[in-house]
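One-letter residues, chain by chain:
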Amino acid sequence: MRTELIDRGEIFPLRKLRTEELDLEKPFTMADFLQFYQIFDENLNAIDYEVSELKKLIESLKSRSEAGNRSLELQDKVYENLRELLERDYKNAFVAITYDGKILASNEDNVGLLEKLRELNYPSSQIFICKVGATSVAGWI
């Protein structure tokens, strides 16, 4: 049997305490109680850590979702401001637009547009793609 020094300087024999060994009708020895408390406390700390990590993950996902929604709203506003020009000059074409309203490139299909954008070497986080005349965003880079 292994022994361990407790803070007060006393030595208690420690052994692995299994749940089936717990008989609540007979008295616990101090060593059994300390062993049970230690196991319980370790499990509780592990659960607490996992819950805190899950909360962090949920908050991170919420903030990403909110940022995505803000990005979509901004894309809609930019498109609305440019609607007249886009529908006049780029009808049924795919257009790459920056968030400050610049039209970077256009093409009849999205593959050709992506090839043009690759040549421009513009930061992809600052661009969104839409098809003029469509009611929804065609894609993002």
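S.K.: Help me understand the overall build of the protein chain, please; the structure alone is not making it clear to me.
M.R.: Across its full length, the protein chain carries 2 helices and 6 strands. When the elements of the protein chain are put in sequence order from the N terminus, they spell out β-β-α-β-β-α-β-β. In the protein chain, which comprises 141 residues, the proportion classed as buried is 20%. Restricting the contact set of the protein chain to residue pairs at least 6 apart, pairs at least 24 apart contribute 33%. Only carbon and sulfur atoms are counted for the fraction: they give 53% of the accessible area of the protein chain, which is about 10,800 Å².

S.K.: Quick question: what am I supposed to make of the pattern of salt bridges here?
M.R.: When charged atoms on two side chains of opposite charge get close, those side chains can pair. A full pass over the atoms with the stated rule returns 6 salt bridges. Among the salt bridges present, the one from lysine 62 reaches glutamate 59, with a minimum N-O distance of 3.9 Å. A residue pair is termed a helical-turn pair when its members lie 3 or 4 positions apart in one helix, as lysine 62 and glutamate 59 do in helix α1 (residues 30-89) at 3 residues. On the accessibility criterion, lysine 62 (46% relative accessible area) is partly exposed. Residues arginine 83 and glutamate 87 are paired through a salt bridge, measuring 3.1 Å at the closest nitrogen-oxygen approach. Of this pair, arginine 83 and glutamate 87 are both found in helix α1, 4 residues apart, which corresponds to roughly one turn of the helix. Here glutamate 87 falls in the partly exposed class, since its relative accessible area comes to 31%. Connected via shared salt-bridge partners are Glu80, Arg83 and Glu87.

S.K.: Can you walk me through the nonpolar core in this structure?
M.R.: Across soluble globular proteins, nonpolar side chains have a tendency to be buried as a group. Ranked by size, the top nonpolar core spans 9 residues in total: Val78, Tyr79, Leu82, Leu86, Val95, Ile97, Phe128, Cys130 and Val132. Residue assignment for this core shows that the elements contributing at least two residues are α1, β3 (94-98) and β5 (127-131). The element that contributes the greatest number of residues to this core is α1, accounting for 4 residues. Beyond its immediate stretch of four places on either side in the chain, leucine 82 contacts Ile97, Gly101 and Ile103. If you look at the next biggest cluster of nonpolar residues, it comprises 7 residues, including Ala96, Leu113, Leu117 and Ile127.

S.K.: Would you mind showing me how to read the environment of arginine 83 here?
M.R.: In this structure arginine 83 comes out as partly exposed when scored by relative accessible area, which is 30%. Taking the C-alpha atoms as reference points, arginine 83 and glycine 133, separated by 50 residues in sequence, lie 8.7 Å from one another.

Definitions and limits used
- Residues numbered from 1 in each chain as written.
- Predicted model: local features only at pLDDT ≥ 70, side-chain atom pairs only at ≥ 80, totals over all residues.
- Heavy atoms only, no water.
- Helix = DSSP H or I, 4+ residues; strand = E, 2+ residues; numbered from the N terminus.
- Buried < 20%, exposed > 50% of the residue type's maximum accessible area, 1.4 Å probe, protein only.
- Contact = heavy atoms within 4.5 Å.
- Areas by Shrake-Rupley, 256 points an atom, 1.4 Å probe, with all protein chains shown as cover.
- Salt bridge = Lys/Arg side-chain N within 4 Å of Asp/Glu carboxyl O.
- Core = buried A, V, L, I, M, F, W, Y, C linked by side-chain atoms within 4.5 Å.

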